[in-house]
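For reference, the chains in residue letters:
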Amino acid sequence: MTPSSIRPVWVGTSWKMNKTLAEAATFVDELLAVPIPSGIQVFVLPPYTALASVRSRVPEDSPILLGAQNAHWAPEGSWTGEISMRMAKDAGATLIEIGHSERREHFGETDRTVARKAAAAVAYGLIPLICVGEPLAVRDEGGAEDFVRVQLQIALSELAPAEISQVLIAYEPIWAIGEHGTPATVDQVAGVMALINEVMATAGTSAKAVLYGGSVNTENAAELLSDPNTHGLFVGRAAWEASGFVELLKLCAPLARRLTVPFPGGSQ
Ligand code: PEP
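Quick caveat, the model's predicted, so the values are computed rather than measured.

Novice: Explain helix H1 (residues 21-32) to me, please; I cannot follow it from the model alone.
Specialist: Given 3.6 residues to a turn, an α-helix orients residues that are three or four positions apart in the same direction. Helix length check: H1, at 12 residues, gives a terminal C-alpha distance of 16 Å against a target of 16 Å (1.5 Å per residue), a fit within 8%. Taken together, the buried positions of H1 are Ala-24, Ala-25, Phe-27, Val-28 and Leu-31. Viewed end-on, H1 has its buried residues packed into an arc of 160 degrees, placing them on one side of the element. Against strand E1 (9-14), strand E2 (40-45), helix H2 (48-57) and helix H11 (242-252) lie the buried residues of H1.

Novice: I would appreciate a short explanation of the side chain of His-100 in the present structure.
Specialist: Looking at where His-100 falls in the secondary structure, it is placed in the loop between strand E4 (95-98) and helix H4 (101-106). Exposure remark for His-100: the relative accessible area of 6% places this residue in the buried category. Within the structure, His-100 has its side chain in polar contact with the side chain of Glu-172 (distance 3.3 Å). In this view, His-100 contacts Lys-16, Cys-131, Glu-172 and Ile-177; residues no more than four positions away in its chain are not counted.

Novice: For this particular structure, what's the right way to read the site of the ligand?
Specialist: Around the ligand, the neighbouring residues are Lys-16, His-100, Glu-172, Ile-177, Gly-178, Gly-214, Ser-215, Phe-234, Val-235, Gly-236 and Arg-237. Between the ligand and Lys-16 there is a distance of 2.5 Å, counted from an oxygen atom to a side-chain nitrogen or oxygen. Contact with the protein chains hides 98% of the accessible area of the ligand, taken as 290 Å² for the molecule alone. Put simply, the ligand lies in the largest pocket. Of the residues assigned to the shell around the ligand, the class counts are 3 nonpolar, 5 polar and 3 charged.

Novice: Help me out: how do you make sense of the environment of Ala-209 in this one?
Specialist: Of note, Ala-209 is situated in strand E7 (residues 209-213). The class for Ala-209 is buried, based on a relative accessible area of 0%. When the C-alpha atoms of Ala-209 and Ile-196 are compared, they prove to be 10 Å apart, with 13 residues separating the residues in sequence. Non-local contacts of Ala-209, meaning those with residues more than four positions away in its chain, are made with Arg-7, Trp-10, Val-167, Leu-168, Ile-169 and His-231.

Novice: Could you clarify how one ought to interpret the sheet that holds E4 in this entry?
Specialist: Strand pairing within a sheet occurs via backbone hydrogen bonds; the two strands may be parallel or antiparallel. The parallel closed barrel is built from 8 strands, whose spatial order is E1-E2-E3-E4-E5-E6-E7-E8. Taking the axes of each pair of neighbouring strands and ignoring which way they run, one obtains an average angle of 25 degrees across the sheet. Sheet analysis places E1 next to E2, joined by 6 bridges and oriented parallel. Each residue of the ladder has a partner; that of Val-9, found in E2, is Ile-40.

Thresholds, definitions, all that
- Residues numbered from 1 in each chain as written.
- Predicted model: local features only at pLDDT ≥ 70, side-chain atom pairs only at ≥ 80, totals over all residues.
- Heavy atoms only, no water.
- Helix = DSSP H or I, 4+ residues; strand = E, 2+ residues; numbered from the N terminus.
- Expected span 1.5 Å × (residues − 1).
- Buried < 20%, exposed > 50% of the residue type's maximum accessible area, 1.4 Å probe, protein only.
- Arc of directions from axis to C-beta.
- Contact = heavy atoms within 4.5 Å.
- Polar contact = N/O pair within 3.5 Å; in protein donor to acceptor, adjacent residues only side chain to side chain.
- Near = heavy atom within 4 Å.
- Areas by Shrake-Rupley, 256 points an atom, 1.4 Å probe, with all protein chains shown as cover.
- 1 Å grid on protein atoms, 1.4 Å probe; cavity = no way out; pocket = protein on both sides within 12 Å on 5 of 7 lines; lining within 4 Å.
- Sits in = over half its atoms within 2 Å of the grid points.
- Nonpolar A, V, L, I, M, F, W, Y, C, P; charged D, E, K, R; others polar.
- Pairing = 2+ DSSP bridges.
- Axes fitted to C-alpha atoms, helices over the stretch in contact; angles between N-to-C directions.

Listed below in structure tokens is the structure:
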């Protein structure tokens, strides 16, 4: 197997609406004090208020990628309260999270706006991190795979195959997210993870990586990563303290070599 065929394990966190500038600085300093284990691709999505200050604290040559939790599709203009991809990039983002279920539920994000944002992110050279996932009622009716397929097909509809290969997908079943969520088992998510990879293959490509998110913690991380279609983890609460995040990174590092699905263009 050549090095180009080895995927890193992606492990990232969104801080959601948390952390003052001082709290963000403390987290970053604690994270930077620990060597990032090899085989792990780390990313952190601070709130916009802290993005530029976190960027200036993380050395340019650090392997830690930074991103934002949302951005608008338009490059600029009269969109009160919004931030464009261009502005996010200028503030230090490499990744843009798009379509988290909290934004879909509370802020009117739709499959169409997700598609527009994904295209805008790619146009600005940013990596879209597209979140998909079904509500509990849909899962209970056996509709999880169909629901996610439609979300994904629309989300990717404005991208060419070469652009889709730049995208990260996070499967985050809504019933598994947050303090009221039920942690998922690998058996519950494996079908959807496989489906996501299949949708990519049908588009003639593969995503940069397909992540699982929703109540990930040190107890279930290894089990969730045992699924061959899962290339990383997107973590909320369990990674909001730097010590918790570092613990997860260390736990995931030995699993990196087992993720042998080739990179787009890689050989095996
Ligand atoms: C999330 O909301 O994207 C998430 C992964 O949260 P948590 O890990 O806290 O369930």
